[in-house]
Amino acid sequence: MTSTAKISLATGWDWLIRLVTSETFIYVMKRLLQALLTLFLASALSFLVMQLAPGDFVTQLEADPKKSRDQIKALREFWGLNKSWVEQYWLWLWNIVSKGDFGPSFSYKRPVVSLLWERVPATLLLAIASLIITWAIAIPLGIIAAIKQNRWADRVLQVVSYAGQGFPSFITVLVLLFFAQITSPLFPVGGMTSINHSELNWFGKILDIGWHMILPTIALSITSFAGLQRITRGELLDVLRQDYIQTARAKGLPENRVIYVHALRNAINPLITLLGFELASLLSGAFIAEQFFNWPGLGRLTLQAVMSQDLYLVMASLVMSAVLLIVGNLIADIMLKAADPRIRLENLN
């Protein structure tokens, strides 16, 4: 081996050792191990709750005169529904660990993994778009409300914020549906794409999906926007009262620099912490918008699965939602560390 190759190998090992021993890597590994325990406990509890419900998916088929008792019995044995809930859970868990198989969907007669791969991107698209719009509007308005404290702009924004938080999500959706009806066909409300979607070019397809996203994205954003605006205002007002801000102003620094460099940088940390919870709340609240706007996402799929007692589809959907929640919180913690290097990750647990 040449000296250059030895130096390159040594450099690579040094980099790998620094990575493995870094604070961020250790923190991520610790959080992933905690996530496995969380997923196990959450899935076991969810499985137990599903079993406490009267009947199962096959029970609904007993009302079908075309199904004989022998056929019903055979279906229950085929899907393992004749076993105790503990046996069913461990069999389901073992298939996930050994084969990556989350089981079949009783309703769709397909593996639930394939259904999730189809629906999760649609929900993530809606949630991320809502998150971007919420932050892009709420943060600047929160800053304006803090700067203009107790003036007419602040009072108007407070009224808007209280109104947004006071409106239940389903009322917001109904108002948007009524708006879509009176402006029809300006805003589509059925599905994710138009009938002629396949005939469009790539740019036309993007525009088509984006046009269908407008109303469900607004429905998801309104409540989140109102709360985030109030939190931004409160955090910024708290920072603006600190002594170092008064010192910066006394030194003659421009007001914009004081607000956007010194004050906002310190006020943003609690908002980043909320990011993970914000993503989780959007995912959990997405089923309302998806159901009313016929959006083919995970929330709508989960709601239909619960109503039909499609056991393995419900479990896979809940696990996927929990994974997205854990990932969202982990990303928020890493972003918080990047925004403020003084923060130690082990203190975030």
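Everything discussed here concerns the structure shown above.
This text gives an overview of the structure that appears in the document. (Residues numbered from 1 in each chain as written. Predicted model: local features only at pLDDT ≥ 70, side-chain atom pairs only at ≥ 80, totals over all residues. Heavy atoms only, no water.)

**Structural notes on the overall build of the protein chain**
And then number 1: Helices and strands together make up the secondary structure of the protein chain, namely 13 helices and two strands.
And then number 2: A total of 349 residues make up the protein chain; the buried ones form 39% of that total.
And then number 3: Of all intrachain contacts in the protein chain linking residues separated by at least 6 positions in sequence, the fraction that spans at least 24 positions is 74%.
And then number 4: Of the accessible surface of the protein chain, which amounts to about 20,100 Å², a share of 68% is contributed by carbon and sulfur atoms. (Helix = DSSP H or I, 4+ residues; strand = E, 2+ residues; numbered from the N terminus. Buried < 20%, exposed > 50% of the residue type's maximum accessible area, 1.4 Å probe, protein only. Contact = heavy atoms within 4.5 Å. Areas by Shrake-Rupley, 256 points an atom, 1.4 Å probe, with all protein chains shown as cover.)

**A word on the pattern of salt bridges**
And then number 1: In the structure shown here, the tally under the stated rule is three salt bridges.
And then number 2: Among the ionic pairs, Glu118 bridges to Arg110, the shortest N-O distance being 2.7 Å.
And then number 3: Look at Arg110 and you get partly exposed, because its relative accessible area is 28%. (Salt bridge = Lys/Arg side-chain N within 4 Å of Asp/Glu carboxyl O.)

**Here we look at the nonpolar core**
And then number 1: Trp92, Phe102, Phe106, Leu311 and Tyr312 are the most contacted members of the largest nonpolar core, which totals 28 residues.
And then number 2: Mapped onto this core, the elements with two or more residues apiece are helix 2 (23–52), helix 3 (57–61), helix 5 (85–99), helix 6 (112–147), helix 12 (298–308) and helix 13 (311–339).
And then number 3: In contact with Phe106, not counting residues within four places along its chain, are Phe57, Trp79, Leu81, Gln309, Asp310, Leu311 and Tyr312.
And then number 4: Membership of the second largest hydrophobic core comes to 23 residues, among which are Ala146, Leu236, Val258 and Ala267. (Core = buried A, V, L, I, M, F, W, Y, C linked by side-chain atoms within 4.5 Å.)

**Overview of the packing of aromatic side chains**
And then number 1: Enumeration over the complete set of coordinates arrives at 15 aromatic pairs.
And then number 2: A ring pair is formed by Trp92 and Phe102, whose centres lie 6.3 Å apart and whose planes are at 70°; its orientation type is edge-to-face. Of this pair, Trp92 sits in helix 5 while Phe102 sits in the loop between helix 5 and strand 1 (104–105); the two residues are 10 residues apart in sequence, bridging distant segments of the chain.
And then number 3: Joined through ring pairs, the aromatic side chains of Phe40, Phe47, Tyr89, Trp90, Trp92 and Phe102 make up one cluster. (Phe/Tyr/Trp six-rings, centres within 6.5 Å; stacked < 30°, edge-to-face > 60°.)

**Description of the packing of helix 7 (residues 152–166) against helix 9 (residues 202–240)**
And then number 1: At a closest axis distance of 8 Å, the pairing of helix 7 and helix 9 adopts a crossing angle of 135°. Viewed along their axes, helix 7 and helix 9 adopt a mutual orientation that is oblique. Between helix 7 and helix 9 lies a crossing of left-handed hand. Within the contact between the two elements, helix 7 uses Asp154, Leu157, Gln158, Val160, Ser161, Tyr162, Gly164 and Gln165 and helix 9 uses Ile222, Thr223, Phe225, Ala226, Gly227, Gln229, Arg230 and Arg233.
And then number 2: Taken together, the residues that form the contact of helix 7 with helix 9 break down as six nonpolar, seven polar and three charged. (Axes fitted to C-alpha atoms, helices over the stretch in contact; angles between N-to-C directions. Parallel < 35°, antiparallel > 145°, perpendicular 65-115°, else oblique. Left-handed = near helix turned anticlockwise from the far one by under 90°. Nonpolar A, V, L, I, M, F, W, Y, C, P; charged D, E, K, R; others polar.)

**Here's the deal with helix 7**
In an α-helix there are 3.6 residues to a turn, and that puts residues three or four apart on one side.
And then number 1: End to end, helix 7 covers 21 Å across 15 residues, agreeing with the expected 21 Å (1.5 Å per residue, within 8%).
And then number 2: Within the span of helix 7, buried status applies to Ala153, Asp154, Leu157, Ser161 and Gly164. Down the axis, helix 7 shows its buried residues gathered within 90° of arc, on one side only. More than 90 degrees from the buried face of helix 7, the exposed residues found are Trp152, Arg155, Val159 and Gly166.
And then number 3: Here the buried face of helix 7 lies against helix 6 and helix 9. (Expected span 1.5 Å × (residues − 1). Arc of directions from axis to C-beta.)

**Examining the side chain of Gln309**
And then number 1: Mapping Gln309 onto the fold places it in the loop between helix 12 and helix 13.
And then number 2: For Gln309, a relative accessible area of 16% translates into the label buried.
And then number 3: Ignoring any residue separated from it by four or fewer positions in sequence, one finds Gln309 in contact with Met50, Ala53, Pro54, Gly55, Asp56, Phe57, Gln60 and Phe106.

**Digging into a nonpolar patch on the surface**
And then number 1: A contiguous nonpolar patch, built from Leu37, Phe40, Leu41, Trp85, Val86 and Trp90 and spanning about 580 Å² of accessible area, is present on the exposed surface.
And then number 2: For the nonpolar patch, the elements supplying multiple residues, two or more each, are helix 2 and helix 5.
And then number 3: With respect to the helices and strands, Trp90 occurs in helix 5. (Patch = residues over 30% accessible without salt bridge, like charges linked within 9 Å, V, L, I, M, F, W, Y side chains within 5 Å.)

**Brief notes about unusual backbone geometry**
Glycine aside, a negative phi is what most residues show, and trans is what most peptide bonds show.
And then number 1: Despite not being glycine, Asn150 shows a phi value in the positive range, around 65°.
And then number 2: Within the secondary structure, Asn150 sits in the loop between helix 6 and helix 7.
And then number 3: One non-glycine residue, Gln309, lies in positive phi territory at about 55°.

**Some details on the environment of Tyr244**
And then number 1: Among the secondary structure elements, Tyr244 is positioned in helix 10 (residues 243–250).
And then number 2: Placed 19 residues apart in sequence, Tyr244 and Ala263 show a C-alpha to C-alpha distance of 9.3 Å.
And then number 3: Apart from the residues lying within four places of it in its own chain, the contact partners of Tyr244 are Val239, His262 and Asn266.

Treat this as a map of the structure, not an account of what it does.
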